[in-house]
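Spelled out from the first residue to the last, the chains are:
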Amino acid sequence: MEHNLRIIISGGGTGGHIFPAVAIANALKAKRPDTEILFVGALGRMEMQRVPAAGYNIKGLPICGFNRKNLLKNFAVLFKLWKSQRIAKKIIKDFKPMVAVGVGGYASGPTLNQCASMGIPCLIQEQNSYAGVTNKLLAKKASKICVAYEGMERFFPKDKIVLTGNPVRQQLLDTQLTKAEALRTFGLEPSKKTILIVGGSLGARTINDSVMAHLDELQNSGVQVIWQTGKNYFENIKQQLAEKSPMPALKPTDFIADMGAAYRAADLVISRAGASSISEFCLIGKPVILVPSPNVAEDHQTKNAMALVNRQAAQFVSDAEAPQKLIPLALSTVKDDQILGQLSHNIKLMALRNSAETIANEVFALAEKQANKKR
């Protein structure tokens, strides 16, 4: 392989795309420190901040999704797509990548399309159990398709699929805290059962409303709660809680910086069913109640959740039923050690380890093949 290895990684939009992308980049650099990596994302999306914070360069494309409710607005979307194709082509010509990696999200479409048209091998990574639109469109042009679930040949050519799992944030696996130490970092008692509630970095209105509707039950349960409300909802929730009796066992926060400590502290997690989160729960063997978001394309979070529920590896509450059922189910579950043990055992069986390293090896193999063609 030639000394100067250059890789483009494209996609983003959500943490579920960005965390795997950064993990793949880190694995590439760990194996080949001389690897040059350039990210291509969508202007205005969170990758434009998260990727530089992780230490990588990123270029932005002026691309956005189609408006399915107002078709007339899509004229502007089509112009942005055309412009993004042109910008992507220039980025690729300047950077001269040997392989392109797509992780899903708006930017990966024009970037990988241009790479494929220029003879650059492409690898796509699909996080979900139900393939996203962008990756389905790119599949015919991809050399390799890395997936996290079995049965993905219903979306992709079977001969291109590699079952790798989803790369996760390494710090979640590396935490050295004991459970008691982790609980103390949140000001909680080691002797009590603890529920961790997360709705993503921005929060989840339904999950938050479910908690607020059952404050009295939580207060009287003897259970502790770490509650990431999301920054969009924190101030309003804080104000509402200030009007009620103090609840020292309830720890609301807008954002949890050390999620490794939060997972270690928890006996049970309540979460949306994003693919990256599910992969984390599998690797750490954490019992979880999944509340899929109804606001995602093709309802893929429900499909992610059911892949676990069908193997008795997670519990499920629909978004519509959450305000009534979520907290009562969580309180009964967290107090039942037999159920917690079964959930933990079954979810561990679904873990796919060393995903980032496996994907990195696939990237290197494509780069080697590309280098041999040029010799």
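Rules used in this analysis
- Residues numbered from 1 in each chain as written.
- Predicted model: local features only at pLDDT ≥ 70, side-chain atom pairs only at ≥ 80, totals over all residues.
- Heavy atoms only, no water.
- 1 Å grid on protein atoms, 1.4 Å probe; cavity = no way out; pocket = protein on both sides within 12 Å on 5 of 7 lines; lining within 4 Å.
- Points joined across faces, edges and corners; volume = space filled by probe spheres on them.
- Helix = DSSP H or I, 4+ residues; strand = E, 2+ residues; numbered from the N terminus.
- Domains from an automatic or database assignment.
- Core = buried A, V, L, I, M, F, W, Y, C linked by side-chain atoms within 4.5 Å.
- Buried < 20%, exposed > 50% of the residue type's maximum accessible area, 1.4 Å probe, protein only.
- Axes fitted to C-alpha atoms, helices over the stretch in contact; angles between N-to-C directions.
- Parallel < 35°, antiparallel > 145°, perpendicular 65-115°, else oblique.
- Left-handed = near helix turned anticlockwise from the far one by under 90°.
- Contact = heavy atoms within 4.5 Å.
- Nonpolar A, V, L, I, M, F, W, Y, C, P; charged D, E, K, R; others polar.
- Buried area = accessible area lost by both parts, 1.4 Å probe.
- Salt bridge = Lys/Arg side-chain N within 4 Å of Asp/Glu carboxyl O.
- Polar contact = N/O pair within 3.5 Å; in protein donor to acceptor, adjacent residues only side chain to side chain.

### Details of the layout of surface pockets
Line of reasoning, step 1. Quantified by volume, the second largest pocket comes out at close to 360 Å³.
Line of reasoning, step 2. If you trace the second largest pocket, you find 18 residues lining it, with A148, Y149, E150, M350 and L352 closest to the centre.
Line of reasoning, step 3. Tallying contributions element by element places helix α12 (residues 275-284) first for the lining of the second largest pocket, with four residues.
Line of reasoning, step 4. Counting contributing residues, the lining of the second largest pocket receives three or more from each of domain 1 (6-166 + 353-374) and domain 2 (171-350).

### A word on the nonpolar core
Line of reasoning, step 1. Formed by 59 residues in total, the largest nonpolar core has its most connected members in I124, F156, L196, M259, V269, L290 and L308.
Line of reasoning, step 2. It is helix α11 (residues 259-265) that contributes the most residues to this core, five residues altogether.
Line of reasoning, step 3. A domain split of this core shows at least three residues from each of domain 1 (6-166 + 353-374) and domain 2 (171-350).
Line of reasoning, step 4. Judged by nonpolar contacts, the second largest core, of 31 residues, contains A23, I37, V103 and C146.

### A word on the packing of helix α8 (residues 205-212) against helix α14 (residues 322-334)
Line of reasoning, step 1. Relative to each other, α8 and α14 sit at 65°, their axes nearing to 8 Å. Comparing their axes, α14 and α8 come out roughly perpendicular. Taken as a pair, α8 and α14 cross one another with a handedness that is right-handed. Mapping the contact onto sequence places T206, I207, S210 and V211 in α8 and A322, P323, L326 and I327 in α14.
Line of reasoning, step 2. Residues of the contact of α8 with α14, tallied by class, amount to six nonpolar, two polar and no charged.

### Considering empty space enclosed by the protein
Line of reasoning, step 1. In this structure the tally under the stated criterion is one cavity of 30 Å³ or more.
Line of reasoning, step 2. The wall of the largest cavity is formed by L218, Q219, V223, V225, M247, A249 and L250.
Line of reasoning, step 3. Residues of the lining of the largest cavity, tallied by class, amount to six nonpolar, one polar and no charged.

### Points about the domain arrangement of the chain
Line of reasoning, step 1. The domain architecture assigned to the chain consists of domain 1 (6-166 + 353-374) and domain 2 (171-350).
Line of reasoning, step 2. Put simply, the middle of domain 1 and the middle of domain 2, counted by C-alpha atoms, are 30 Å apart.
Line of reasoning, step 3. At the junction of the two partners, domain 1 supplies 17 residues and domain 2 supplies twelve residues.
Line of reasoning, step 4. Counting the surface lost from both domain 1 and domain 2, the interface buries some 1300 Å², and carbon and sulfur atoms represent 49% of this.
Line of reasoning, step 5. Contact with domain 2 buries surface across domain 1, with Y130, Y149 and R353 losing the most and accounting together for 39% of the total.
Line of reasoning, step 6. Note that E150 and R311 form a salt bridge whose closest N and O atoms lie 3.6 Å from each other.
Line of reasoning, step 7. Counting across the domain 1 and domain 2 interface gives four residue pairs in polar contact (both at pLDDT 80 or more).
Line of reasoning, step 8. With three residues, helix α1 (residues 15-31) is the single largest residue contributor to the side of domain 1 that touches domain 2.
Line of reasoning, step 9. Residue composition of the side of domain 1 that touches domain 2, grouped by class: six nonpolar, seven polar and four charged.

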